[in-house]
Every structure is written in structure tokens, then in C-alpha cells.
Amino acid sequence: AVNLASRLEGANKYYQTLVMISEFTHDCLTPNLFCTRLLDAVRVKGRLQPVKVYEVYGESTDDIPADDLEYYHAYHKACAAYLERRFDVARAQFEAALVIRPKDMAAREMLDRMADLDPAALPDDWDGVMTFETK
């Protein structure tokens, strides 16, 4: 758990997010206490299994601006669609997120990844996971 947390700290910098947690931590959160969005599925150095990662962007009692909520909702839908190979939906939602936050590194990265994909040529075991080779 400590090694994974350390690797996620480095990945957090890559996405330019403030707080990133693993799916394991996400599953332990008190329901409806924190606002989170699915950020990506990653494979970190030293681990073979991928892990879904989430950004924590507030508490449910926080006054989060409507534009921010719209952004997080679009990104979350886009990321889920990407991992399900629904690339048209993912692309449209990532682009919608970028309209709200044009400098968002996470959405830009996901669009760049999709630009390099040929959906017809993806192997059956494609999982959409981003692999980080460094610590």
C-alpha cells in the first residue's frame, strides 16, 4: 500500500491534480462524504495489476461552482467511456471538459492517447491502462 501510494504521488504530478487516491482507498471512503472523479486506470512500476485512480476534489458539503461540477461530470463520463472502448463518447466528453478547463492536462492526455488509437486494431485484451515506467 505504501509503495502504491508513493507511485501515485508521482502520477499525480503527471496529471497535474492535487489529490489522487487508488480504487482501494476510494472503496473505503465514507459514502457521499467526498467528491471524486475517476481519473484513469494506471499500472505503476513494480505492479503488474492495473489500478483505477481517482481525484478527490472536495467534500460533499463544499460549495463547488457549477462549472467545476460540470467539468468533473464530463471528465468522469469520458474516462469511463474510454475504458469501455466507447471512444466517440469519450472524445466528446473530454472535449466538453476542455471547453470548461482548456488547460486541463488529464483531459488533454486522454485525447492524445485516443488520437493514437486505431479501434479496429486493438487487441482483445486492450485495457486502456496507462503504464508508468518510472517511480
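The structure this text deals with has already been given above.
Residues numbered from 1 in each chain as written. Predicted model: local features only at pLDDT ≥ 70, side-chain atom pairs only at ≥ 80, totals over all residues. Heavy atoms only, no water.

Enquirer: Kindly report on the pairing of strand β2 (residues 34-43), identifying the contributing residues and their values.
Expert: Of all 10 residues that make up β2, 8 are buried, and the element is covered over most of its length. The pairing of β2 with strand β3 (residues 51-59) spans 8 bridges and is classified as antiparallel. Each residue of the ladder has a partner; that of cysteine 35, found in β3, is glycine 58. Taken together, the 2 bridges between β2 and strand β4 (residues 130-131) define a ladder with parallel strand orientation. Residue valine 42 lies in a different strand from β4, and its bridge partner there is methionine 130. (Buried < 20%, exposed > 50% of the residue type's maximum accessible area, 1.4 Å probe, protein only. Helix = DSSP H or I, 4+ residues; strand = E, 2+ residues; numbered from the N terminus. Pairing = 2+ DSSP bridges.)

Enquirer: Please give an account of the state of the cysteines that cites residues and values.
Expert: Taken as a whole and assessed by the stated rule, the structure comprises 0 disulfides. For cysteine 28, which is in no disulfide, the shortest distance to another cysteine sulfur is to cysteine 35 and amounts to 18 Å. Here cysteine 79 stays unpaired: no disulfide links it, and the sulfur of cysteine 35, its closest cysteine neighbor, is 17 Å away. The class for cysteine 79 is buried, based on a relative accessible area of 0%. (Disulfide = S-S within 2.5 Å.)

Enquirer: Mind laying out unusual backbone geometry, listing which residues take part and the relevant values?
Expert: Positive phi values are uncommon outside glycine, yet glutamine 16 reaches one of about 55 degrees. Here glutamine 16 shows up in the loop between α1 (2-15) and β1 (20-22). Although it is not a glycine, asparagine 32 sits at a positive phi angle of roughly 65 degrees. With respect to the helices and strands, the residue asparagine 32 is situated in the loop between α2 (23-28) and β2. Residue classification places asparagine 32 among the exposed residues on the basis of a relative accessible area of 70%.

Enquirer: Go over the sheet that holds β3 with me, naming the residues and quoting the values.
Expert: Reading across from one edge, β1-β3-β2-β4 is the order of the 4 strands in this open sheet, with mixed pairing throughout. In this open sheet, the two edge strands, each paired with only one partner strand, are β1 and β4. Those strands touched by helix α5 (residues 105-115) are β2 and β4, and its axis lies near 35 degrees from that of β2. (Contact = heavy atoms within 4.5 Å. Axes fitted to C-alpha atoms, helices over the stretch in contact; angles between N-to-C directions.)

Enquirer: Please provide a residue-by-residue account of the pattern of salt bridges, values included.
Expert: Taken as a whole and assessed by the stated rule, the structure comprises 7 salt bridges. The partner of arginine 86 in a salt bridge is glutamate 84, with the nearest N and O atoms 2.8 Å apart. Salt-bridge contacts for glutamate 109 lead to arginine 113; the nearest nitrogen and oxygen are separated by 3.2 Å. Residue glutamate 109 and its partner arginine 113 are located together in helix α5, separated by 4 residues, close to a single helical turn. (Salt bridge = Lys/Arg side-chain N within 4 Å of Asp/Glu carboxyl O.)

Enquirer: Please set out helix α4 (residues 87-100) residue by residue, giving values where relevant.
Expert: Helix length check: α4, at 14 residues, gives a terminal C-alpha distance of 20 Å against a target of 20 Å (1.5 Å per residue), a fit within 8%. For α4, the full list of buried residues reads Phe87, Ala90, Gln93, Phe94, Ala97 and Leu98. Within α4, the buried residues cover an arc of 145 degrees as seen down the axis, which keeps them to one side. Away from its buried face by more than 90 degrees, α4 exposes Asp88 and Val99. (Expected span 1.5 Å × (residues − 1). Arc of directions from axis to C-beta.)

Such coordinate-based values are descriptive only and should not be taken to indicate function.
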